[in-house]
Amino acid sequence: MDGPIPYDWEKHASWRRHLPNPRLLLHALRRTAPIVGWTLAAATGVTAYVQLLQAKPGWPDLSRPAYSTAAALTSFALSLLLVYRTNAAYGRWAEMRTACGRMLVHLRVLLRLATTLPAAPADRPALDAIARWTPVFPALFFAFLASQPTFYEACAGQLAPAEVAALRAAKQPPPAAGIGDNVVPCPQLLAIPLSLLPLSTGLTPWERLALEAEIGGLDAYKRHTSHFLVAWLTFLPFGLAAIYGWLTIPICGAIAFLLAGVEGIGVSIEHPIRILPIKAYAAGFKAALMNQLKEAAVARELAAAAAGHRLHRDAPKHGAALVTEALPPI
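Please read all numbers here as calculations on a predicted model, not as lab measurements. (Residues numbered from 1 in each chain as written. Predicted model: local features only at pLDDT ≥ 70, side-chain atom pairs only at ≥ 80, totals over all residues. Heavy atoms only, no water.)

Engineer: Whenever I open this one, the environment of Gly-245 confuses me. Can you help?
Structural biologist: Summarising the element assignment, Gly-245 is placed in the loop between α9 (219-244) and α10 (248-269). With a relative accessible area of 12%, Gly-245 lands in the buried category. As for Gly-245 and Val-50, which are separated by 195 residues in sequence, their C-alpha atoms are 7.9 Å apart. Excluding anything up to four places from it in sequence, Gly-245 contacts Thr-47, Gln-51 and Leu-240. (Helix = DSSP H or I, 4+ residues; strand = E, 2+ residues; numbered from the N terminus. Buried < 20%, exposed > 50% of the residue type's maximum accessible area, 1.4 Å probe, protein only. Contact = heavy atoms within 4.5 Å.)

Quick look at the structure:
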């Protein structure tokens, strides 16, 4: 699994951000092609009729400047629908992005407790198991939600094949089958169960989002917005053809591309699991937690060395026997 790629904020803030990105432009054109194509077809038909047939006697007027009033009166309603949908979708995206950060914070706290809490010899294996599971927990959780078996590659070297097989067959998220069960042998260490509570609470938005993705969410509202947009773009040429002539075709095409792009943004970020780089997040979280494990081991070694040095320095006060017991064997 590849780690996260640092974002180039200097490039993002440059004046070149106003220039079209060919790759992103082609992607946007491909996503909006059906609506733009439909609008161009309607605009071409209406404009051709106005320019070629409407002026002849006996042919009805399909386009008049007064018809554009209908588009002006209904444009505010369309704007409200698009703004509300985009804001709601961005709210879901921001909630999931914040949940990712909270997950890392809670896992760091849990890992710190597992590596620093004093425990009896009988409880140490349970804490060691938590320290072993925690770095790969994000990959396991994302694999469960996104149904991505490749995420289990992060477990190599951390979990046994039997454990990975059990997780693949589990019907519940990893906390119920992994970290949570490892706390059972040491209920006296109350800090561990207490740290699991905010972790489980922080994962709730992800599970709710996955459930909403399965049941469809506000499907009626989304369809109404899309139908409103298509109808508005279809009747737009009837008010513009008599004013702009053949220019109505590119004008309607540009308007359709812009509005369909805004609507497409809401659709894209409405399901953050498909948009957020969760694979990079899982790899980055694992690297950060593994580094924390290494630093905890180094800190324990330094603390032991410092304790031995202190006892050696205070040997005249406490006796040579104590120094001999405190110093590690060579």
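There is more to say, and it comes next.
Engineer: Whenever I open this one, the environment of Thr-225 confuses me. Can you help?
Structural biologist: Position of Thr-225 relative to the elements: it lies in helix α9. Between the C-alpha atom of Thr-225 and that of Leu-78, which follows or precedes it by 147 residues, the distance is 7.6 Å. If sequence neighbours within four positions are ignored, Thr-225 has contacts with Leu-81, Leu-82 and Arg-85.

Engineer: Looking at this model, I keep getting lost on the packing of aromatic side chains. Mind explaining?
Structural biologist: Ring pairs (aromatic) are described by centroid distance and by the angle formed between their planes. Tallied over the full model, the rule gives four aromatic pairs. When the ring of Tyr-281 is compared with that of Phe-285, the centres are 6.1 Å apart and the planes differ by 10°; the resulting orientation is stacked. Taken together, the residues Tyr-281 and Phe-285, both in helix α12 (residues 278-313) and four residues apart, mark about one turn of the helix. For Tyr-281, a relative accessible area of 14% puts it in the buried group. (Phe/Tyr/Trp six-rings, centres within 6.5 Å; stacked < 30°, edge-to-face > 60°.)

Engineer: Help me out: how do you make sense of the nonpolar core in this one?
Structural biologist: Burial of nonpolar side chains together is a common tendency in soluble globular proteins. Ranked by size, the top nonpolar core spans 39 residues in total, and within it Met-103, Leu-140, Phe-141, Phe-142, Leu-159 and Trp-206 carry the most contacts. Mapped by element, the contributors of at least two residues to this core are α3 (68-116), α4 (124-133), α5 (137-146), α6 (161-169), α8 (191-215) and α12. Counting residues per element, this core draws most heavily on α3, at nine residues. (Core = buried A, V, L, I, M, F, W, Y, C linked by side-chain atoms within 4.5 Å.)

Engineer: Explanation requested: α10 in the structure shown.
Structural biologist: Because an α-helix completes one turn every 3.6 residues, residues spaced three or four positions apart along the sequence face the same direction. Here α10 is 22 residues long and its end C-alpha atoms lie 32 Å apart, about the 32 Å a rise of 1.5 Å per residue gives. Along α10, the residues that are buried comprise Thr-248, Ile-249, Cys-252, Gly-253, Ala-256, Ala-260, Glu-263, Gly-264, Gly-266, Ser-268 and Ile-269. (Expected span 1.5 Å × (residues − 1).)

Engineer: Explanation requested: a nonpolar patch on the surface in the structure shown.
Structural biologist: On the surface, Leu-25, Leu-26 and Leu-29 cluster together into a nonpolar patch covering about 270 Å² of accessible area. Its place among the elements puts Leu-29 in helix α2 (residues 22-54). According to the relative accessible area criterion, Leu-29 is partly exposed, its value standing at 40%. (Patch = residues over 30% accessible without salt bridge, like charges linked within 9 Å, V, L, I, M, F, W, Y side chains within 5 Å. Areas by Shrake-Rupley, 256 points an atom, 1.4 Å probe, with all protein chains shown as cover. Salt bridge = Lys/Arg side-chain N within 4 Å of Asp/Glu carboxyl O.)

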